[in-house]
Structure formats: structure tokens, C-alpha cells
Amino acid sequence: MVGGFGFSDRACQAHEWREFPPAWIFLPRLLWVRRGARCTLTMTWAKDDRDSVDRILARALQPPHPCHRSANPPPLLDIRPSAATPLERNDWRERVERVRSQILCGALKKVVLSRRLAIETASPIDPARFIDSARAARPSCVNFFVSPRTTSFVGSTPERLVELDGETVTSSALAGSVPRGDNPPADRALGDSLLSSEKNLEEHQYVVNALASALESVASPLNVSARPRLMLLPEAQHLFTRIEGRLREPRSVIELAGLLHPTPAVCGVPRQAARAIIEREEPERGWYTGAVGWIDAKGQGEFAVALRAGVIDGSAMYLFGGAGIVAGSDSEAEFAETENKLTALIGSTTLG
């Protein structure tokens, strides 16, 4: 079964999320699974209704329409940081300062705030071609495309919430970031600065501690790297720590996902207080910072945090990007981080 769930367990009222309930896990009528060179097709149908799935399979196997690619295809969406208005910047600054004031008085340690960017294109956006380009540009990421009917949620996330393989459970802490450099020396310097940044290391450790604490209740022993390493993506460098353990008793991957979600990487510390602020300030989050993934008949599977993502609705697209706010945060630096993440998905995508 495949599907996902939102940041909140409340229904999102924003128009673009109208087809996405708080959680939706479904059994596909056609399911292809590829592992290495082996590909398996599973077909599922209701009793006495084999014809319907055969028709879907015939349609799926039709040759694709020819696509003429130019040598230098134009960007699908051309959005630059200057697209933000002074009003948007001011709103962001005020939100950051409200959160920082609560952090400085001791009520919170971290809150992850995000921005939503709505854009229009001249013609409808093809989500399949969109995610095809993202997969080519970001092969190390989990690339996803969920479409209930007329809207589509697409993304290319570097963060795996949880993976269950046999008795082995794995999660990853991904928090703290800097942009990529214009050349190799500048890139290395930025990476070194991230590895020594007190603010980013603090933010990252909150995530490591929370994941380890949650998994300690169900798995042992835990293997947690002593220091984070760098994860390099086209748009950013992130601090990354892998956490792995062995389950003490059988559990499903969806249970484990519920135990870990939402992590401090997308919510904050303490979790309930940060979550209350986000649900009040950002009721339009929907499945952004939720999770997408799969679960098999044995309860094993994988869920990834829905980041670097957007909703496609005809010729409209709604993009999301966030930043972790701690005591040492600067609103302008955090704004720049959200700009970098907002454009990450569309920066390498082309019309094809």
C-alpha cells in the first residue's frame, strides 16, 4: 500500500489541498516495484471486476506521445528570490521575532516556520514530466508524485523519516544548512562553516536527540553517529546523522512513522508547543512536512518527510520552504534559506 499523511491530523482547508485528507493510504490497482534489474507488476481488483484493471493496464502500456527536446530546454518555472515583496519579508520578520521572543523567555527551544509561494504558468503543468526531471537532477533524493484526481503533490526530498527492513529500523536527522558555493573552494568553505556553526549544530542536535529518544522506546541497541556529516544537494549542504537500531518486538513502519512524526526538523522543541504555534500560524501546510511512502503485507516499508515539495493544480503551483528558528536565528538569513528551498524543486526542472 502507498500514500502519506499531513503535518497535522486536522483537515487542511486551503483550496490546493482539497483532495488530500489528513492521511491517505491506498492499495493501487497496478503496482510496479523495481529492485535493481528486476521489475514486478502486481494487479489488484475487486471480485468479478478483472476487466477494469485490464483496461487500466492497457492504457498504461500505450506508447508515450513523442516528445521533442531542445538542446537547451527552458526552465519550467522561472522564480527568483526577488519575487518576494516587502510585505512578505516584513510578515516573515514579524513571525520570526514572535517565535524568537518565546524562545528567549524559555517557553521554546526551536520552531520550524515555513513560507508558501503561489505561482501561475501560461499553460497546465504536467506533474509526470515535472517529477521525471527532478529524478534526473536529484537521484539521491526520494522523488514522489501523489495525485488523487485533478491535483498533484510532487517533491524531491532528501530526508527519510523511517525505514523498516526486517527487524532493522533506520531514521535520519537532517537539520542545519548552508547554500552551495559558486566554485569548489567556496563550496568547501561553506561546508566547513556549517560543520562548525554553533547555531546549526544546536538545531541539528535537537533532531538527533528526539529521534534517538523515540526509537529507544522500541529498539536497541541504537547506533548513532558521534558527529554529523555533510549531505550535498544541488541547492544546499545539510548536516546529516544516521540513526539505526533493532526492534525489540514486531511493529509496522506506519507505527514507527507515527512515533517519530513530526520531528524537530519540521516542527520544533518541545514538540507539542511548537506544533500548536505552526498549526495556528500556518494552517495551509497540508501534506508539506508530512510524509509519503509505502508499507507491505509484513508491515515493512519506508516513509520520507515531504520536503522540497509543491502542489500542482492545473496551471497553478504552490511551493513550500521552511527554516528552523532558534535563539541565534537571524530573520534575513532564515528568509534567504527559505528562498533557496522554495526554488530547489523548480530550479533544475525543464519543460523537456
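Residues numbered from 1 in each chain as written. Predicted model: local features only at pLDDT ≥ 70, side-chain atom pairs only at ≥ 80, totals over all residues. Heavy atoms only, no water.

## Regarding the overall build of the protein chain
Piece 1. Secondary structure assignment for the protein chain yields 9 helices and 17 strands.
Piece 2. Computed over its C-alpha atoms, the radius of gyration of the protein chain comes to 21 Å, within 12% of the 20 Å expected for a compact globule of 352 residues.
Piece 3. On the principal axes, the C-alpha backbone points of the protein chain span a range of 65 × 55 × 45 Å.
Piece 4. The buried share of the protein chain, reckoned over its 352 residues, is 49%.
Piece 5. Just so you have it, the protein chain exposes about 17500 Å², and 52% of that area is on carbon and sulfur atoms.
Piece 6. Measuring between centres, the 42 positive side-chain charges of the protein chain sit 3 Å from its 42 negative side-chain charges. (Helix = DSSP H or I, 4+ residues; strand = E, 2+ residues; numbered from the N terminus. Rg over C-alpha atoms; globule rule 2.2 N^0.38 Å. Buried < 20%, exposed > 50% of the residue type's maximum accessible area, 1.4 Å probe, protein only. Areas by Shrake-Rupley, 256 points an atom, 1.4 Å probe, with all protein chains shown as cover. Lys, Arg positive; Asp, Glu negative; His and termini not counted. Charge placed at Lys NZ, Arg CZ, Asp CG, Glu CD.)

## A closer look at helix α8 (residues 331-342)
Piece 1. In this model, α8 (12 residues) spans 16 Å end to end at C-alpha, consistent with the 16 Å of a helix rising 1.5 Å per residue.
Piece 2. Within α8, burial applies to Ser331, Glu334, Phe335, Glu337, Thr338, Glu339, Lys341 and Leu342. (Expected span 1.5 Å × (residues − 1).)

## Looking at the nonpolar core
Piece 1. Of all hydrophobic cores here, the largest spans 43 residues; its most connected members are Trp17, Phe153, Leu161, Val162 and Val169.
Piece 2. A total of 5 residues in this core trace back to one element, the largest contributor, which is helix α5 (residues 198-216).
Piece 3. Setting aside anything within four residues of it in sequence, one finds Val162 in contact with Val169, Thr170, Val253, Leu256, Ala257, Leu260, Gly301, Glu302 and Phe303.
Piece 4. Counting 15 residues, the second-largest nonpolar core is a separate cluster that includes Leu113, Cys267, Ala274 and Ile278. (Core = buried A, V, L, I, M, F, W, Y, C linked by side-chain atoms within 4.5 Å. Contact = heavy atoms within 4.5 Å.)

## Here we look at empty space enclosed by the protein
Piece 1. Scanning all chains against the criterion turns up 2 cavities of 30 Å³ or more.
Piece 2. Space inside the largest cavity adds up to approximately 220 Å³.
Piece 3. Together, 22 residues line the largest cavity, and Ala265, Leu307, Arg308, Gly322 and Lys341 are the ones closest to its centre.
Piece 4. Elements with a minimum of two residues in the lining of the largest cavity: β9 (168-179), β17 (316-325) and α8.
Piece 5. Considering each element in turn, the lining of the largest cavity owes the most residues, 5 residues, to β17. (1 Å grid on protein atoms, 1.4 Å probe; cavity = no way out; pocket = protein on both sides within 12 Å on 5 of 7 lines; lining within 4 Å. Points joined across faces, edges and corners; volume = space filled by probe spheres on them.)

## Comments concerning the sheet that holds strand β6 (residues 142-146)
Piece 1. The 6 strands lie next to each other as β6-β7-β16-β17-β5-β13, forming an open sheet whose pairing is antiparallel. Looking along the sheet, the strands with just one partner apiece sit at the ends: β6 and β13 (268-269).
Piece 2. Across the sheet, helix α2 (residues 86-104) touches β5 (110-120) and β17, and the angle it forms with β5 is around 170°. (Pairing = 2+ DSSP bridges. Axes fitted to C-alpha atoms, helices over the stretch in contact; angles between N-to-C directions.)

## Quick look at the layout of surface pockets
Piece 1. Here the largest pocket is characterised by a volume of approximately 2400 Å³.
Piece 2. Forming the boundary of the largest pocket are 44 residues, of which Val2, Leu31, Trp32, Asn143 and Phe145 lie nearest the centre.
Piece 3. Those elements giving two or more residues to the lining of the largest pocket turn out to be β1 (2-5), β2 (23-26), β3 (30-35), α1 (50-60), α3 (127-137), β6, β14 (291-295) and β15 (301-305).
Piece 4. Top element by residues in the lining of the largest pocket is β3. It accounts for 6 residues.

## Side note on a nonpolar patch on the surface
Piece 1. Nonpolar side chains collect at one region of the surface, where Met1, Ile25, Leu27 and Ile254 lie side by side and expose about 330 Å² of accessible area between them.
Piece 2. Within the fold, Ile254 resides in helix α6 (residues 253-260).
Piece 3. Looking at Ile254, the relative accessible area reads 33%, which means it is partly exposed. (Patch = residues over 30% accessible without salt bridge, like charges linked within 9 Å, V, L, I, M, F, W, Y side chains within 5 Å. Salt bridge = Lys/Arg side-chain N within 4 Å of Asp/Glu carboxyl O.)

## Here's the deal with the confidence of the model for the protein chain
Piece 1. Mean pLDDT for the protein chain: 89, with 93% of residues reaching 70 or above.
Piece 2. Every residue in residues 68-74 scores below 50 in pLDDT, and together they form 7 contacts with partners more than four places removed in sequence or on other chains.
Piece 3. Per-residue pLDDT stays below 50 along residues 78-82; that stretch engages in 7 contacts with residues further than four places along the chain or on separate chains. (pLDDT = per-residue confidence, 0-100.)

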